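# Coordinate analysis (summary)
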Amino acid sequence: VAMSVSHSSRLNKLVREQYMRLPQDGMVQVTYVWIDGSGEGVRCKSRTLEKEHVPEWNFDGSSTAQAEGSNSDMFLVPVCMFRDPFCLDPNKLVLCEVLKYNRKPAETNLRHTCKKVMDLVKDSHPWFGMEQEYTLLGINGHPYGWPDNGFPGPQGPYYCGVGADKVYGRDIVESHYKACLYAGVKICGTNAEVMPSQWEFQVGPCEGIEMGDHLWMARFILHRVCEDFGVVATLDPKPMTGNWNGAGCHTNYSTEEMRREGGLKHIEAAIEKLSKRHDYHICVYDPRGGRDNSRRLTGHHETSNIFEFSAGVANRGASIRIPRQVGQDGYGYFEDRRPAANCDPYAVTEAIMRTTVLNETGVETKDYADH
């Protein structure tokens, strides 16, 4: 059966291997990776360098929805370096912040303020682990492996499933996992999800700004692996309407005091603060101010209702879940189940710190630039 895969994925990969084995004479190929004007897409371009030092670079922002054509140069500022799993050592992937012509952060550069907030709260040692759900699509936009005309059987056998009739695209998932490990991304697990052809990987634990850096690079690697296989990974929070699970990016979080003996009272205090700022969090938990999440957070399919804040032990229908083990131990972490699959991890982690550690309230955020 001809699956709906891209033309380039059918090119002879053995021929490519012949060239990939050629020596590089001490030169290093560095791929700069950045977030584009959509706040969701990633872009990349490569250059040759002689040594490890990676300088700033620039790109045409008018082609990434980040600048006008008449003033289009944007700066790429390297912030985090990884090994390149596609071209192998000594080559590198470098995650970059985007600055405008006047050196101010681009609109979708949410790392800039996140870093400022993380520096302010560093003594609380915030740890994060984010669970990235995604759906594999054929090049025609139809979920990969689903019947061309119709639907697979109802949800039930697919979650953590095994077998050709239960999971689609495991080759991609395992390749992505290995590529992340090679790169140095803090990937810590993966599983098949509730909807067929939907998967999840987890990144963490990461402290502070590292969470956003590692999740964005894991997403870049995912898209790049999928390109090789000729399929598409979508982070749409509700890729299929009807009786199918949506896709989230559940965010596990703790501070040092939550992880210590008796930490449950600190967890409960943080949840109390979050309960009073639900609207603000919903606004930053997807790139469209909550509109994407409104398709997903319906109160069905293991989600809470977007209009109501709720919390509970081991409750997957709540906004915030306290794992059962944490309830028993009296310390640990909690899980915010509201972020959408296409959230910006910088925005999510920053919002959590603003509310739970910096004690902000209301929908306005404080500017700490002068402190």
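Residues numbered from 1 in each chain as written. Predicted model: local features only at pLDDT ≥ 70, side-chain atom pairs only at ≥ 80, totals over all residues. Heavy atoms only, no water.

This part covers the domain arrangement of the protein. Splitting the protein by domain gives domain 1 (7–108) and domain 2 (117–357). Computed over C-alpha atoms only, the centres of domain 1 and domain 2 are separated by 26 Å. Listed per partner, the contact involves 21 residues of domain 1 and 23 residues of domain 2. At the boundary of domain 1 with domain 2, total buried surface from both sides reaches about 1900 Å², with 69% on carbon and sulfur atoms. For the pair domain 1 and domain 2, the number of links is 1 salt bridge. Put simply, domain 1 and domain 2 have 5 residue pairs in polar contact (both at pLDDT 80 or more) between them. Of all the secondary-structure elements, those providing two or more residues to the side of domain 1 that touches domain 2 are helix H1 (13–20), strand E1 (28–35), strand E2 (42–49), strand E4 (73–83) and strand E5 (92–99). In terms of residue class, the side of domain 1 that touches domain 2 is built from 12 nonpolar, 3 polar and 6 charged. (Domains from an automatic or database assignment. Contact = heavy atoms within 4.5 Å. Buried area = accessible area lost by both parts, 1.4 Å probe. Salt bridge = Lys/Arg side-chain N within 4 Å of Asp/Glu carboxyl O. Polar contact = N/O pair within 3.5 Å; in protein donor to acceptor, adjacent residues only side chain to side chain. Helix = DSSP H or I, 4+ residues; strand = E, 2+ residues; numbered from the N terminus. Nonpolar A, V, L, I, M, F, W, Y, C, P; charged D, E, K, R; others polar.)

Once that is clear, we can look at the packing of aromatic side chains. Here the structure, examined in full by the defined rule, presents 8 aromatic pairs. When the centroid spacing of 5.4 Å and the interplanar angle of 20° are considered together, the rings of Phe128 and Tyr253 count as stacked. Of this pair, Phe128 sits in strand E6 (residues 127–137) while Tyr253 sits in strand E10 (residues 249–254), and the two are 125 residues apart along the sequence. Its relative accessible area of 1% is what places Phe128 among the buried residues. Residue classification places Tyr253 among the buried positions, given a relative accessible area of 1%. Three or more aromatic residues joined by ring pairs make a cluster, and in this case those are Phe128, Tyr253 and Phe334. Across the ring face of Trp216, the terminal group of Arg219 is positioned such that the distance to the ring centre comes to 4.8 Å. (Phe/Tyr/Trp six-rings, centres within 6.5 Å; stacked < 30°, edge-to-face > 60°. Buried < 20%, exposed > 50% of the residue type's maximum accessible area, 1.4 Å probe, protein only. Lys NZ or Arg CZ within 6 Å of the ring centre and 35° of its normal.)

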